[in-house]
Every structure is written in structure tokens, then in C-alpha cells.
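Spelled out from the first residue to the last, the chains are:
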Amino acid sequence: MGHFTNKVAVVTGAGSGIGRALALELARRGARVAISDVDVRGLDETEALVRGLGGDVRSDVLDVSQRELVMTYADSVVEHFGRVNLVINNAGIAYFGNTDETPFKDIERVMDVDFWGVVNGTKAFLPHLEASGDGHVVNISSIFGLFGVPSQGAYNAAKFAVRGFTEALAMEMRMSGKPVKVTCVHPGGIKTNIVRNSTAVQTRSEDLQRMSNLFDKHLTRTTAAKAAEVILDGVEKGKVRVLIGPDAKVLDLMVRAAGPRYQSLVRFFAGRTGL
Ligand SMILES: NC(=O)c1ccc[n+]([C@@H]2O[C@H](COP(=O)([O-])OP(=O)(O)OC[C@H]3O[C@@H](n4cnc5c(N)ncnc54)[C@H](O)[C@@H]3O)[C@@H](O)[C@H]2O)c1
């Protein structure tokens, strides 16, 4: 019996990229999975792939920013499977825009999905995870939750917030002795559609194609399948923080060693690449 055998796992944003890879890897490791996404076609493809592995899967269209819907969804997943052991709040969107040019509504949208989506998923499932006696919350932040990058203010804000929220929760669970482990994940560049699916403020919209090419060519060292393996290995070991990819490990060290002077290095790189 493996760590995930017969456990019930929830994965948001499972219609693409890391979420899809997580659903498949969980099924391979014997978990029963509840997958959701706003992208119906992507979700259907993931469902078919999980079934192809012989996995037990439930699939729902769900926008993680819709709090009431997430609350109802949590109850219905528990009713369906009888319990929930693992929730992976993975759904996310990327956005490019300098702060002075970015409308409030765009920043709010990124926060709604990337931060509030994580809070909604965590709070909706927390009582059920506790009730399982063997629960685990995994929240996907980013290396951009470890350091700031120009043109990424909204995404940086959301991913830093996910990190703070998740680390506080991890300590609360340990101090209260509740049976819920908590992991915050910081992926580096992972080969997915995230940049291709991203939006940008008007002045950066022409840059999107160039950024997407740059991301695909130079900034993605790790596959989504590998990312899923690293995340689930980290969950199995009960790690509180998981860094994915050599870029994430090097940049994490750089930021800690340089302190606030890391900004000069990022500015240099951003100036060279036009980020
Ligand atoms: N790919 C990377 O390099 C990278 C790096 C760091 C962090 N991340 C994070 O990993 C997570 C997964 O990203 P990915 O790279 O697999 O991207 P992706 O674009 O391939 O997949 C993200 C999925 O989330 C879904 N989604 C978007 N908004 C949603 C909403 N409101 N409700 C429900 N689902 C929604 C999308 O439809 C998509 O299927 C995100 O949180 C992202 O910020 C990715």
C-alpha cells in the first residue's frame, strides 16, 4: 500500500499543466480524484486520461474564485467519496503589466483567482480534512512568491500572499495538534500553457507572444509530469515547503544570500530579456 492508495484527493485547475499531471500521478499512485476547472474541454480530456489509467475520478466545472460554489462543491465531493484527505489548490492565472498602467480590476482578478481561490479551497475543505483524521492541504505558490519581478506586481502579490497564508496555516495545524499537514509549493519554470494563457495590460499585449516564446525556450526546465512527482513526493514526506526545478533552488538561494540586493540582479536580467 502506497501513501496515496485509496485516499481521496481534490485538484483544482486540473484541465491543463501541473493540475492535469497531478491528477494523473495521483491516479497512478492509487488515489481517487476529484478534478475541477473552468475549462470544460481541458477538464474532459483530463478525466478521460485518468479513466484510461483505471482511476476513480469525479469531474466538475468550478471557478475557484466563486466562494459559495467552492463551499457547495466541497460538501458534494465529501458526499460523493465519503471523505477527503488531500486538497491541492492549483488553479492559477498569469498576468503581465507594470503597476502604474495596470487597472485595479486586473489586479483584483489575479488576486481573486490566485489568492482568494486558494483561500476558498483551503477553508471549504479544512473541516473535512480534519474530519478525515489524515488530511493535507497543498497550496501552489511560485518562485514569484519568493521574490519580486518587474511587470509581475499582481501575480507577485497573490503568490506572496499564498505563501504567507499557507505557512501560517501550517504552524496553526501543528500547534493545535489537528491532523492536517500543510505544504506550500514554489515551482520554477514548468512547461505548461500558463504564459500562453496569460493576459496583459494594453501596453504589454504585444509582448505576450515574445514572452511566451522566451518562457517556452529558456525558462522552462521542468515538465509538468516531473513537477507532479516532486509535489507528491514532498506531500508523502510531509514537507512544509517544496521547490520545483533547479531554477527555483538556485533563485531561492540567491534571494536569501543577497537580501534586498537581489533586486539589482533581477533588474539586470529583466533588462536583458525585456521581461
Ligand atoms: N508553469 C509555471 O512555470 C508555473 C510556475 C510557478 C507557479 N505556477 C503555478 O502553478 C499552477 C498551475 O499552473 P500551470 O502552469 O499548470 O498553468 P496552466 O495554465 O497550464 O493551468 C492552469 C489551469 O487553471 C485553470 N484556471 C484558471 N482560472 C481558473 C479559475 N478561476 N477556476 C478554476 N480553474 C482555473 C485553467 O483553466 C488551467 O486549466 C498555477 O497556480 C500557477 O500560478 C506555474
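Residues numbered from 1 in each chain as written. Predicted model: local features only at pLDDT ≥ 70, side-chain atom pairs only at ≥ 80, totals over all residues. Heavy atoms only, no water.

The name recorded for the chain in an unreviewed UniProt entry is Oxidoreductase, short chain dehydrogenase/reductase family protein, from Aeromicrobium marinum DSM 15272. As stated in UniProt under Sequence similarities (unreviewed entry), the record for the chain gives "Belongs to the short-chain dehydrogenases/reductases (SDR) family." (UniProt positions renumbered as here; feature names shortened; annotations may be inferred.)

1. Quick notes on a positive patch on the surface
A contiguous patch of positive charge, built from Lys226, Lys237, Lys239 and Lys249, is present on the exposed surface. Note that Lys249 resides in helix α8 (residues 246–258). According to the relative accessible area criterion, Lys249 is partly exposed, its value standing at 47%. (Patch = residues over 30% accessible without salt bridge, like charges linked within 9 Å, V, L, I, M, F, W, Y side chains within 5 Å. Areas by Shrake-Rupley, 256 points an atom, 1.4 Å probe, with all protein chains shown as cover. Salt bridge = Lys/Arg side-chain N within 4 Å of Asp/Glu carboxyl O. Lys, Arg positive; Asp, Glu negative; His and termini not counted. Charge placed at Lys NZ, Arg CZ, Asp CG, Glu CD. Helix = DSSP H or I, 4+ residues; strand = E, 2+ residues; numbered from the N terminus. Buried < 20%, exposed > 50% of the residue type's maximum accessible area, 1.4 Å probe, protein only.)

2. Regarding the UniProt feature "domain: Ketoreductase" (unreviewed entry) in the chain
When the UniProt feature table is mapped to this numbering, "domain: Ketoreductase" (unreviewed entry) covers residues 7–193. Strand forms 20% of residues 7–193 and helix 50%; the C-alpha atoms that close the span are 29 Å apart.

3. Brief notes about the site of the ligand
By nearness alone, 31 residues border the ligand, and Ser16, Asp37, Asn90, Tyr155 and Thr192 come closest of all. Separating an oxygen atom of the ligand from a side-chain N or O atom of Ser16 is a distance of 2.6 Å. Asp63 places a side-chain nitrogen or oxygen 2.8 Å from a nitrogen atom of the ligand. Burial of the ligand by the protein chains amounts to 95% of its free accessible area of 830 Å². Broken down by secondary-structure element, the contributors of at least two residues to the shell around the ligand are α1 (17–28), α4 (104–132) and α5 (153–176). Looking at the shell around the ligand residue by residue, the class counts come to 13 nonpolar, 13 polar and 5 charged. (Near = heavy atom within 4 Å. Polar contact = N/O pair within 3.5 Å; in protein donor to acceptor, adjacent residues only side chain to side chain. Nonpolar A, V, L, I, M, F, W, Y, C, P; charged D, E, K, R; others polar.)

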